[in-house]
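# Chain and residue survey
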Amino acid sequence: MRGATPRQRPAKTHRVMRPSASRVQSLPRLSPRIYFRNHARVLMATLGRLYRNPVNNLMTVMVIGIALALPGTLLVALDNLQRVTGGWEGGTRISVYLRTSVKDPVPLRAELSGWPEIETVDVIGSDQALEEFRRLSGFGDALDTLKENPLPNVLVLTPSANHSSPEAGEALLQRLQKLPQVDLAQLDLEWLKRLSAMMELGRQIVLAIGTLLGVGVLLIVGNTIRLEIENRREEIEVTKLVGGTNGFIRRPFLYMGCGHGLIGALIAWTLVNLATWQLSEPVQRLAGLYAGSFQLHAAGVTSGMLLLAAGTGLGLVGSWLAVGRHLGAIEPV
């Protein structure tokens, strides 16, 4: 009929079909060459993003570097302190007072020199001890009234480096005390025990501080990756629409986290060595005042590699946790 309104056809709607899971899973496996080429491409793209946003990334890696530099500096200081105290422990001496009936200490000295726990054995004769006491005490006139020398012969033992700990020194002391020629054996174990306890306390403090700052690095990296995910939210949605897997989307964020951790660890290693170099001359002057010589040891190659591994690992874990938490919440509409 004329004048009748023509029947309108419904407008066509365009639907974007997402690939099914079975289709995605049936995709052929990539060859190792293509796989590593894709990783290299993502790595270069991530480095480009870091380069194009230098201010924010520099602030992030500087915070990570300072956080890692503090436990690194404490570890270097503890290592140098162990080098100093190692000389003190090596200088531990045991005084063995022989019975007054033992007139000749040479046979016992020869016997003790063969013990593997003992490095050196020195003899202080009774006459030598009396003369030294006369010179230092000022009681020379009183000592002249004595009919015989009351002081015994003394053996001064230096334990070997492997037996200079408090436990080994105490075991050696008990063994010496059982000898029939020995009247008394003395070793000041208290200062060694205090020193060992202080060193152990220092290690525990460094471990606690390092753990807390490591958690801080995880939070810093996680927050940085979270902001990056929010900034690239539309890109992630489009990537999921065309069939991109979570592993493919996760890859650049993991590289970014590792990059932040690695660069932060390099900054931390540089700061530790700068601090060591700055303190080296004052420490040498202080050691010279005590008629000694000591040189600070900076973080070497092994320490640097451990610091780099720790920074990279913390960056990887922090980015993995952030991506795993926030990536699943982004779904295309």
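For the structure, check the block above.
Please read these numbers as outputs of a predicted model, since none were measured by experiment.

## With respect to the layout of surface pockets
By volume, the second largest pocket amounts to about 530 Å³. What lines the second largest pocket is a set of 27 residues, and nearest its centre among them are Pro71, Gly72, Leu75, Leu306 and Leu307. Looking at the lining of the second largest pocket, the elements that each hand over two or more residues are helix H3 (54-90), helix H8 (189-231), helix H10 (246-289) and helix H11 (301-326). A total of 9 residues in the lining of the second largest pocket trace back to one element, the largest contributor, which is H3. Per-class residue counts for the lining of the second largest pocket are 16 nonpolar, 8 polar and 3 charged.

## Some points on the pattern of salt bridges
A side chain with one charge may pair with a side chain of the opposite charge, provided their charged atoms come close. Per the counting criterion, the structure on display carries 7 salt bridges. Taking the shortest distance from any N to any O, the salt bridge between glutamate 200 and arginine 203 comes out at 3.1 Å. You can see glutamate 200 and its partner arginine 203 sitting in helix H8, 3 residues apart, about one turn around the helix. Take arginine 203: its relative accessible area is 34%, and that puts it in the partly exposed class. In this structure, arginine 232 engages glutamate 235 in a salt bridge whose closest nitrogen and oxygen atoms are separated by 3.2 Å. Taken together, the shared-partner salt bridges in this structure form one network comprising Glu228, Arg232 and Glu235.

## Description of helix H9 (residues 233-241)
Among the residues making up H9, those that are buried are Ile236, Thr239 and Lys240. Within H9, the buried residues cover an arc of 95° as seen down the axis, which keeps them to one side. Opposite the packed face of H9, turned more than 90 degrees from it, sit the exposed residues Glu234 and Val238. Once H9 finishes, glycine 243 follows within two positions and takes phi at roughly 100°, a positive value.

## Description of the packing of H10 against H11
Relative orientation of the contacting elements H10 and H11 amounts to 150°, with a least axis distance of 7 Å. Here H10 is positioned roughly antiparallel relative to H11, judged by the angle of their axes. The way H10 lies across H11 gives a crossing that is right-handed. In this structure, H10 uses Arg250, Phe253, Leu254, Gly257, Cys258, Gly261, Leu262, Ala265, Leu266, Ala268 and Trp269 to contact H11, whose residues at the interface are Gly304, Leu307, Leu308, Gly311, Thr312, Gly315, Leu316, Ser319, Trp320 and Val323. The class makeup of the residues in the contact of H10 with H11 is 13 nonpolar, 7 polar and 1 charged.

## Description of the nonpolar core
With 25 residues, the main nonpolar core has Leu68, Val217, Ile225, Ile229, Ile236, Phe253 and Val323 as its most contacted residues. The residues touching leucine 68, leaving out its near neighbours within four places in the chain, are Val217, Gly264, Ala265, Ala268, Leu307, Gly311 and Leu314.

## What about H10?
The first and last C-alpha atoms of H10 sit 64 Å apart over 44 residues, in line with the 64 Å expected at 1.5 Å per residue. A maximum bend of about 35° is found in H10 at serine 280, where proline proline 282 lies one to four positions downstream.

## A few points about a nonpolar patch on the surface
A grouping of Leu58, Met62, Ile66, Leu271, Leu274 and Trp277 is seen on the molecular surface, where their side chains present a nonpolar patch of about 620 Å² in accessible area. When contributions to the nonpolar patch are tallied by element, the ones reaching two or more residues are H3 and H10. Looking at the secondary structure, you find methionine 62 in helix H3.

About the cut-offs
Residues numbered from 1 in each chain as written. Predicted model: local features only at pLDDT ≥ 70, side-chain atom pairs only at ≥ 80, totals over all residues. Heavy atoms only, no water. 1 Å grid on protein atoms, 1.4 Å probe; cavity = no way out; pocket = protein on both sides within 12 Å on 5 of 7 lines; lining within 4 Å. Points joined across faces, edges and corners; volume = space filled by probe spheres on them. Helix = DSSP H or I, 4+ residues; strand = E, 2+ residues; numbered from the N terminus. Nonpolar A, V, L, I, M, F, W, Y, C, P; charged D, E, K, R; others polar. Salt bridge = Lys/Arg side-chain N within 4 Å of Asp/Glu carboxyl O. Buried < 20%, exposed > 50% of the residue type's maximum accessible area, 1.4 Å probe, protein only. Arc of directions from axis to C-beta. Axes fitted to C-alpha atoms, helices over the stretch in contact; angles between N-to-C directions. Parallel < 35°, antiparallel > 145°, perpendicular 65-115°, else oblique. Left-handed = near helix turned anticlockwise from the far one by under 90°. Contact = heavy atoms within 4.5 Å. Core = buried A, V, L, I, M, F, W, Y, C linked by side-chain atoms within 4.5 Å. Expected span 1.5 Å × (residues − 1). Bend = angle between axes of the 7 residues up to and from the residue. Patch = residues over 30% accessible without salt bridge, like charges linked within 9 Å, V, L, I, M, F, W, Y side chains within 5 Å. Areas by Shrake-Rupley, 256 points an atom, 1.4 Å probe, with all protein chains shown as cover.

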